[in-house]
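Now for the letters of each chain:
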4 protein chains.
Amino acid sequence: MSLTAPLHGVVPPVCTPLDSRGEVDTTSLARLVEHLIGGGVHGLFALGSTSEVAYLTDEQRATVLETVVNATDGRVPVLAGVIDTTTARVVEHARSAAQLGADALVATAPFYTRTHGKEIAGHFRRLHAEVDLPLFAYDIPVAVHSKLSAALVRELAEDGTLAGLKDSSGDEGGLRRLIVELGGREGRAHGPVPEFSILTGSELTVDAALLAGADGVVPGIGNVDPSGYVRLYEAARAGDWTRAAKEQERLIELFAMVDAGPEADMGRSSSALGSFKSALRLLGIIDCGDTAFPQIQLSAESVALVSGLLRAAGLPPVR
Amino acid sequence: MSLTAPLHGVVPPVCTPLDSRGEVDTTSLARLVEHLIGGGVHGLFALGSTSEVAYLTDEQRATVLETVVNATDGRVPVLAGVIDTTTARVVEHARSAAQLGADALVATAPFYTRTHGKEIAGHFRRLHAEVDLPLFAYDIPVAVHSKLSAALVRELAEDGTLAGLKDSSGDEGGLRRLIVELGGREGRAHGPVPEFSILTGSELTVDAALLAGADGVVPGIGNVDPSGYVRLYEAARAGDWTRAAKEQERLIELFAMVDAGPEADMGRSSSALGSFKSALRLLGIIDCGDTAFPQIQLSAESVALVSGLLRAAGLPPVR
Amino acid sequence: MSLTAPLHGVVPPVCTPLDSRGEVDTTSLARLVEHLIGGGVHGLFALGSTSEVAYLTDEQRATVLETVVNATDGRVPVLAGVIDTTTARVVEHARSAAQLGADALVATAPFYTRTHGKEIAGHFRRLHAEVDLPLFAYDIPVAVHSKLSAALVRELAEDGTLAGLKDSSGDEGGLRRLIVELGGREGRAHGPVPEFSILTGSELTVDAALLAGADGVVPGIGNVDPSGYVRLYEAARAGDWTRAAKEQERLIELFAMVDAGPEADMGRSSSALGSFKSALRLLGIIDCGDTAFPQIQLSAESVALVSGLLRAAGLPPVR
Amino acid sequence: MSLTAPLHGVVPPVCTPLDSRGEVDTTSLARLVEHLIGGGVHGLFALGSTSEVAYLTDEQRATVLETVVNATDGRVPVLAGVIDTTTARVVEHARSAAQLGADALVATAPFYTRTHGKEIAGHFRRLHAEVDLPLFAYDIPVAVHSKLSAALVRELAEDGTLAGLKDSSGDEGGLRRLIVELGGREGRAHGPVPEFSILTGSELTVDAALLAGADGVVPGIGNVDPSGYVRLYEAARAGDWTRAAKEQERLIELFAMVDAGPEADMGRSSSALGSFKSALRLLGIIDCGDTAFPQIQLSAESVALVSGLLRAAGLPPVR
């Protein structure tokens, strides 16, 4: 489904179910896609950080994207992460994603190397020139260790390089300033880049981002409770901010699962992604909750904690 | 004016006007207090980071606090920053603040030294034991380079050490999680610490913080436009989130002044505080816009930029 | 040439000459290998950070390694960087490197994702289990944003996972502590892991590292002046520390080239790698000094600066 | 004892013994001074980070400095740390230090606030103008969170603002580049600032720093074993680098005490300073090993570990 208007709404970063050998479980993945679309989401983001993209081989990435595109079957747009260190490598992923039927691309600034604003600009421009798909900038300093400046995003929006921004920077004030520069919550349609789409990855402050004028959200825990985020989004669109905030609070309580795995034992990625996948397994959506090696798996105790949070949020486990 | 209920509303961190020799200009400071209270603010925070507290000698700090307390004359509560590296030094500031009539204290975690959660807890507990005034924790990692964890804040709220939190961490998601743990936007009065006051220092997302359940805001640029933040606060309290967001956007446009001074020439503190003080001078509230040495002063060109922003925000300069 | 003893000496991270279209210039690369081996180096490190590995496609990486292995023809050991985000992807590079004839592998901790000591340990163990070549841990926080702890390195050395460490952490004190734990400068042969090889990437303090008991050095600017580093190494081995320090000082003066490109215009990687490649071009060793896209190319003025430094260091340009 | 020549040699940052109520134990402090001078040190640095200066009130700081100056009685120069957030506050400490008889001052860049190279330069120039004592720049990013650039240090050395540098940045490569710019290990006497003194705070790589051309060292653990550092220094001065390195290795083994306190329980400052003070108590030099509140005290188990390390280093405890 091509992007005919600015992307908006709830666009979860789809988890990648793995089997116990670490291979992509396409049956579970298709079920997860159905769960998400059934929950009313407005788009899907495959191969984002939440998909464990950094842990997947190129072949596995292709399997994931193909499965998501096929399962989605045009019902909502599919964005594809093209995550790699620098331009030449990212272009290869982008070509593959285009071939597999992605509707848009999501790329970060270069990483591993020490980069620069001018180089990041060149990077996005080259990507856009090489592969003819709407391009989203993925601002995720916690992963790439540089921050996209508002000036850079605006420049690349205005010259048509970028179709949108996926902001996972956690810098809500900076995002707000960008939105104001682009015309503000009500004036963006008449601003310098009316078609530019702003999606927040800050899943705990979605009501706030929508109030500020963001177009949508890419919530990791939206894998577990897509309907919750859809309700939040619709309340916000209807101007019922109190209801939106209340739904957000319920989702925040659910989100506590990300700390299920103790810091002494595993990385924060293992804990958060492990909790999402455990929840999906407990809900009967995927078959195995394992995260990719070398992440540490959640203990039974941690899984029980996830189970309790699901129950408390009105999402009773089926196993 | 003692804190009989949780502090709420707009509590600007009062700027410290200096004369051209770098001494505290008490006449201008009293005028600024009048400007703020006249603007409808609900409290004043003297000797915060925005006051250039780090640049003031102990004697100057006392002059500032005395002036603010006297000029306020009990109309609103006066919070006093007690900013120093560790407990023994902070206790001295706290005793002085109590003597000078502060209604509450605002203290950071230890800095300069490498500290630890257990040590920070001890620090706040000792402060509370030594000086009998409501104590706010000031979470400002950009200055002290450690972050107060939600667990620590909650522990110190529950045991009565802290009366509130001034959150300048920029971590809106984390703040939201804390609020939810304390009972959420509607349930905090029935939560574990009903009297605990949460003030955000994130002045660009105040509507969002109030929607999330914060009690108030400590906005640096509230020095320049207190009425704007009061309108924002009142709109939020009335549940008119669209009006709140609109007012927030106007304030964000005004906030662009913080970048008036080029990065090549001066620190971000010099630029931001210089712009606030220049604006106050242009509005006729204080006599001299200088910041404390060794900060670099704004150029005439930068001041012209501030002037233009004031005009655009409906605050015409008088000089 | 297999590693029959702990790797030692000067092991430059071989630059990757590109042509003006950005493709690997294998003729120039073979000439560079000849230049290095002719300079007396003790090993070659292909596909390290200095090779712009993060900018090369898998196909280009294979071309580079094949060229280096063939040009080297067994005269010195060839180490191959296997740089990618996590284990599954790194294993693929490692298999390819083994097939292409590398004598050892050099791998970093996982990056892009948020990792953990236990996960890093699993990562190296899996790598070692999957590909039967000596494995060096590459400690480079500036690129991967985590630091290998001394305890972890020691554990992986003692259990036979690691054959050595390439330390580019800049933490000379930490490296020194590790060496002492392993038996110290004189006792390492009788310590817990007598065969473990420690190479420093801190090319400005090589005399110090050798004095401390390191086995060798991986100097980026050793591409330009391999003989200089060989002289430094030999002076150190002969116990003539004054001569070693003097040679080190000459190399530090030459190293000033890394700042040839202004910070306002380009990243530090572009400037440093651009200066090395410009120097190699000026010396007639490679045909084109370009760095990989999207790095910014050095201006003529910057190249002139490089040229002056070469001349001053007794390495007169031939063009 | 005034500084008639560039300061050189071993200049320990004197610990501040406290009694069990947290007050300065001047008797123990005087004994510590005797221990250090008896160990052959070339100067003393009072009120440095190791002295817990950040934990001492102004009155306590004065007591410390007075005690050190009196106990030293002109036998070696006494440097005084003047540690505070910005210029006006630092000038007050500097005046007090001058009055109390310090021979030189040691000041950091501004902290707590966000500063800038131009502001740091102004800061040091004003300090030098206000108080007529040799001024050392204290480069300690771990405490003040900015790094002094080599260009800035050189500029302030050349214009006579700075008499020296105390480098605790851990950036050995950067320090080496600075030394080379100043004429190198042999040529500094004929370089642009022949009298400029460079002291390293990197106590684990002192042999290396001296080989590089540094003038001396400020070793925290030199409180415990001053003679060891003096032997190291003398071996280096005699060109016996092997002996220097061997002594350095012994001191590194002793240094392991800094990790005596577990990370889960206390900050790294508490652990390191607690271990030094415990060692001094075990050696009979000071009466109480407590660190200042709110630092956590070492457990008996941790103290036993310190005791074992002392014994292993040939420094048998007397209690």
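As recorded in an unreviewed UniProt entry, chain A goes by the name Dihydrodipicolinate synthase family protein, listed as coming from Streptomyces laculatispora. Regarding chain A, the UniProt comment filed under Sequence similarities (unreviewed entry) reads as follows: "Belongs to the DapA family."

Attention now goes to the interface of chain C and chain A. The partner chain A presents 47 residues to the 47 residues of chain C that form the contact. Summed over both partners, the interface of chain C with chain A buries about 3,900 Å², with 56% contributed by carbon and sulfur atoms. When residues of chain C are sorted by the area they lose upon contact with chain A, Arg89(C), Tyr112(C) and Arg114(C) head the list and together hold 22% of the total. The tally of links between chain C and chain A comes to six salt bridges. In this structure, Asp58(A) engages Arg89(C) in a salt bridge whose closest nitrogen and oxygen atoms are separated by 2.8 Å. Put simply, chain C and chain A have 30 residue pairs in polar contact (both at pLDDT 80 or more) between them. Sorting the residues of the side of chain C that touches chain A by element identifies helix H2 (58-72), helix H3 (87-99), helix H4 (117-130), helix H5 (141-144) and helix H12 (268-282) of chain C as the ones contributing at least two each. Classifying every residue of the side of chain C that touches chain A by side-chain character gives 18 nonpolar, 17 polar and 12 charged.

In screw terms, the move from chain B to chain D is a rotation of 180° and a rise of 0.0 Å along the axis, fitting with an RMSD of 0.0 Å. Such a combination of turn and shift is consistent with a two-fold rotation axis.

Our focus in this paragraph is the pattern of salt bridges. Evaluation of the coordinates by the stated rule reveals 92 salt bridges over all chains. Notably, a salt bridge pairs Arg75(C) with Glu34(C), separated by 2.8 Å at the nearest N-O pair. Of the two residues, Arg75(C) is situated in the loop between H2 and strand S3 (78-81) and Glu34(C) in helix H1 (residues 26-38); the sequence distance between them amounts to 41 residues. A residue is classified by how much of its surface remains accessible, and Arg75(C), at 39% relative accessible area, is partly exposed. Taking the relative accessible area as the measure of exposure, Glu34(C) reaches 40% and is therefore partly exposed. Through salt bridges with shared partners, one network takes in Asp58(A), Asp84(A), Arg89(A), Asp58(C), Asp84(C) and Arg89(C).

Listed per partner, the contact involves 47 residues of chain B and 47 residues of chain D. The junction of chain B with chain D conceals about 3,900 Å² of combined surface from both sides, 56% of it contributed by carbon and sulfur atoms. Contact with chain D buries area across many residues of chain B, yet Arg89(B), Tyr112(B) and Arg114(B) alone supply 22% of it, more than any other trio. At the boundary of chain B and chain D, one finds six salt bridges. Arg89(B) is the partner of Asp84(D) in a salt bridge, and the nearest nitrogen-oxygen pair spans 3.3 Å. For the interface between chain B and chain D, the tally reads 30 residue pairs in polar contact (both at pLDDT 80 or more). Sorting the residues of the side of chain B that touches chain D by element identifies helix H2 (58-72), helix H3 (87-99), helix H4 (117-130), helix H5 (141-144) and helix H12 (268-282) of chain B as the ones contributing at least two each.

All names here are of chain B. Strand order in this open sheet of eight strands is S1-S8-S7-S6-S5-S4-S3-S2, and the pairing throughout is parallel. Unpaired on one side and paired on the other, strand S1 (9-10) and strand S2 (44-46) mark the two borders of the sheet. In the sheet, strand S7 (residues 197-200) pairs with strand S8 (residues 216-217) via two bridges, with the strands oriented parallel. Within S8, the position partnered with Thr 200 by the bridge is Val 217. Against the sheet, H2 engages S2 and strand S3 (78-81), with an angle of about 175° to S3.

Least-squares fitting of chain C to chain A yields an RMSD of 0.0 Å, with the transformation described by 0.0 Å of translation along the axis and a rotation of 180°. A share of 100% of the interface residues of chain C reappears at the interface of chain A, consistent with the copies meeting face to face through the same patch.

Time to look at the packing of aromatic side chains. All told, the structure shown has 10 aromatic pairs over all chains when counted by the stated rule. Ring centres 5.1 Å apart and planes at 50° place the aromatic pair Phe111(A) and Tyr112(C) in the tilted group. Taken together, the residues Phe111(A) in the loop between strand S4 (104-107) and helix H4 (117-130) and Tyr112(C) in the loop between strand S4 (104-107) and H4 connect one chain to another. Each member of the pair, Phe111(A) together with Tyr112(C), is buried. Consider the rings of Phe45(B) and Tyr138(B), whose centres lie 5.6 Å apart with planes at 70°: the pair is edge-to-face. Of this pair, Phe45(B) sits in strand S2 while Tyr138(B) sits in strand S5 (residues 135-139), and the two are 93 residues apart along the sequence. For Phe45(B), a relative accessible area of 1% puts it in the buried group. Using a relative accessible area of 3% as the deciding quantity, one classes Tyr138(B) as buried. A connected cluster of aromatic rings, assembled from ring pairs, spans Phe111(A), Tyr112(A), Phe111(C) and Tyr112(C). Against the face of Phe293(B) rests Arg126(D), its NZ or CZ located 3.6 Å from the ring centre.

What follows is about the pairing of strand S3 (residues 78-81) of chain D. All names here are of chain D. The alternating pattern of S3 places Val 78 and Ala 80 on one face and Leu 79 and Gly 81 on the opposite face, and all of these are buried. As paired elements, strand S2 (residues 44-46) and S3 share three bridges and run parallel to each other. In the sheet register, Phe 45 faces S3, and the bridge partner there is Leu 79. Bridging between S3 and strand S4 (residues 104-107) involves three bridges; their strand directions are parallel. Residue pairing for S4: Ala 80 is matched across the bridge by Leu 105. For the segment spanning S3, helix H3 (residues 87-99) and S4, crossover handedness is right-handed.

On to helix H10 (residues 226-237) of chain B. All names here are of chain B. Taking 1.5 Å per residue as the helical rise, H10 with its 12 residues ought to reach 16 Å, and the 16 Å between its terminal C-alpha atoms agrees with that figure. For H10, every residue scored as buried is listed here: Pro 226, Gly 228, Tyr 229, Val 230, Leu 232, Tyr 233, Ala 235 and Ala 236. Downstream of H10 by a residue or two, Gly 239 has a phi angle that is positive, lying close to 75°.

Now for the environment of Arg61(D). Mapped onto the elements of the fold, Arg61(D) is located in helix H2 (residues 58-72). Not counting residues up to four positions away in its chain, the partners in contact with Arg61(D) are Arg89(B), Leu47(D), Val53(D), Ala54(D), Leu56(D), Ile83(D) and His93(D).

Right, let's get into the environment of Thr115(B). Mapped onto the fold, Thr115(B) is located in the loop between strand S4 (104-107) and H4. Separated by 30 residues in the primary sequence, Thr115(B) and His145(B) place their C-alpha atoms 9.8 Å from one another. Other than its neighbours up to four places away in sequence, Thr115(B) contacts Pro110(B), Ile120(B), Ser146(B) and Gly267(D).

Let us look at the confidence of the model for chain A. Averaged over all residues, the pLDDT of chain A equals 97, while 99% of them reach at least 70. Scored as a whole, the predicted complex attains pTM 0.97, and scored at its interfaces, ipTM 0.97.

With that settled, the discussion passes to H4(B). The terminal C-alpha atoms of H4(B) lie 20 Å apart, and with 14 residues this matches the ideal 20 Å at 1.5 Å per residue to within 8%. Where the residues of H4(B) are buried, they touch H3, S4, S5 and helix H6 (150-158) of chain B together with helix H12 (268-282) of chain D.

With no contact between them, chain B and chain C keep their nearest C-alpha atoms 10 Å apart. Separated in space, chain A and chain D share no contact, their closest pair of C-alpha atoms being 10 Å apart.

Rules and cut-offs
Residues numbered from 1 in each chain as written. Chains lettered and ligands numbered in written order. Predicted model: local features only at pLDDT ≥ 70, side-chain atom pairs only at ≥ 80, totals over all residues. Heavy atoms only, no water. UniProt positions renumbered as here; feature names shortened; annotations may be inferred. Contact = heavy atoms within 4.5 Å. Buried area = accessible area lost by both parts, 1.4 Å probe. Salt bridge = Lys/Arg side-chain N within 4 Å of Asp/Glu carboxyl O. Polar contact = N/O pair within 3.5 Å; in protein donor to acceptor, adjacent residues only side chain to side chain. Helix = DSSP H or I, 4+ residues; strand = E, 2+ residues; numbered from the N terminus. Nonpolar A, V, L, I, M, F, W, Y, C, P; charged D, E, K, R; others polar. Least-squares fit on C-alpha atoms with pLDDT ≥ 70 in both. Buried < 20%, exposed > 50% of the residue type's maximum accessible area, 1.4 Å probe, protein only. Pairing = 2+ DSSP bridges. Axes fitted to C-alpha atoms, helices over the stretch in contact; angles between N-to-C directions. Phe/Tyr/Trp six-rings, centres within 6.5 Å; stacked < 30°, edge-to-face > 60°. Lys NZ or Arg CZ within 6 Å of the ring centre and 35° of its normal. Right-handed = clockwise from strand over helix to strand, strands pointing away. Expected span 1.5 Å × (residues − 1). pLDDT = per-residue confidence, 0-100.

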